[in-house]
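Read off the chains here:
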Amino acid sequence: QVQLVESGGGLVQAGGSLRLSCAASGRSFSASPMGWFRQAPGKEREFVAAITRNGGSTHYGNSVTGRFTISRDNAKNTVYLQMNSLKPEDTAVYYCAATIKHFFSTDRDYYATNEYDYWGQGTQVTVSS
């Protein structure tokens, strides 16, 4: 059974930092892109960041570029999201996502929720002002 388990969420003041982790089990995703999405109450799920299978290329949503960094450790089957300079508008449930594909055909595919096959249960991030 494939599982993605996020951790590292919590309550932080504006300007602070958090590091999220997503540990995969049940199959290796070392040959597949992985991503992070988030969903705030009353809003659609939003793309945050994605990383190619070897970590050589990354993609970021406009609202987090320059503040968030995605990375991965294929030996640990784990992907990370380092979040700096957090803002109240970053408050959301953060989800890890993985695909069985080895790569995406276009950059646009990284941003699409329907391109990912597995999802974690989410971890809450709350940023106070």
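Everything here concerns the structure above.
None of the values given here were measured: they were computed from a predicted structure.

**Some thoughts on the environment of T126**
The residue T126 is located in strand β11 (residues 123-128) in this model. In this structure, the C-alpha to C-alpha distance between T126 and G10, residues 116 residues apart in sequence, is 6.1 Å. Sequence-distant contacts of T126, defined by excluding residues within four places in its chain, comprise G10, L11, V12 and T91. Side chain to side chain, T126 and Q124 meet in a polar contact 3.3 Å long.

**Comments concerning the state of the cysteines**
All chains considered together, the criterion is met by one disulfide. The disulfide partner of C22 is C96, and the S-S distance across this bridge is 2.1 Å. One disulfide, between C22 and C96, carries an S-S torsion of -75 degrees and so falls in the left-handed class. Note that C22 is positioned in strand β3 (residues 18-25) and C96 in strand β9 (residues 92-98), a separation of 74 residues in sequence. C96 matches C22 in its accessibility class, with the two residues each being buried.

**Considerations on the sheet that holds strand β7 (residues 68-73)**
Taken in spatial order, the four strands of this open sheet run β1-β3-β8-β7, and their pairing is antiparallel. This sheet does not close on itself; its edge strands, each paired only once, are β1 (3-7) and β7. Here the average twist between neighbouring strands, direction ignored, is 15 degrees. Taken together, the six bridges between β3 and strand β8 (residues 78-83) define a ladder with antiparallel strand orientation. Looking across to β8, one finds that S21 is bridged to Y80.

Reading the values: rules and limits
- Residues numbered from 1 in each chain as written.
- Predicted model: local features only at pLDDT ≥ 70, side-chain atom pairs only at ≥ 80, totals over all residues.
- Heavy atoms only, no water.
- Helix = DSSP H or I, 4+ residues; strand = E, 2+ residues; numbered from the N terminus.
- Contact = heavy atoms within 4.5 Å.
- Polar contact = N/O pair within 3.5 Å; in protein donor to acceptor, adjacent residues only side chain to side chain.
- Disulfide = S-S within 2.5 Å.
- Buried < 20%, exposed > 50% of the residue type's maximum accessible area, 1.4 Å probe, protein only.
- Pairing = 2+ DSSP bridges.
- Axes fitted to C-alpha atoms, helices over the stretch in contact; angles between N-to-C directions.

The quantities given are spatial measurements derived from coordinates; they are silent on function.
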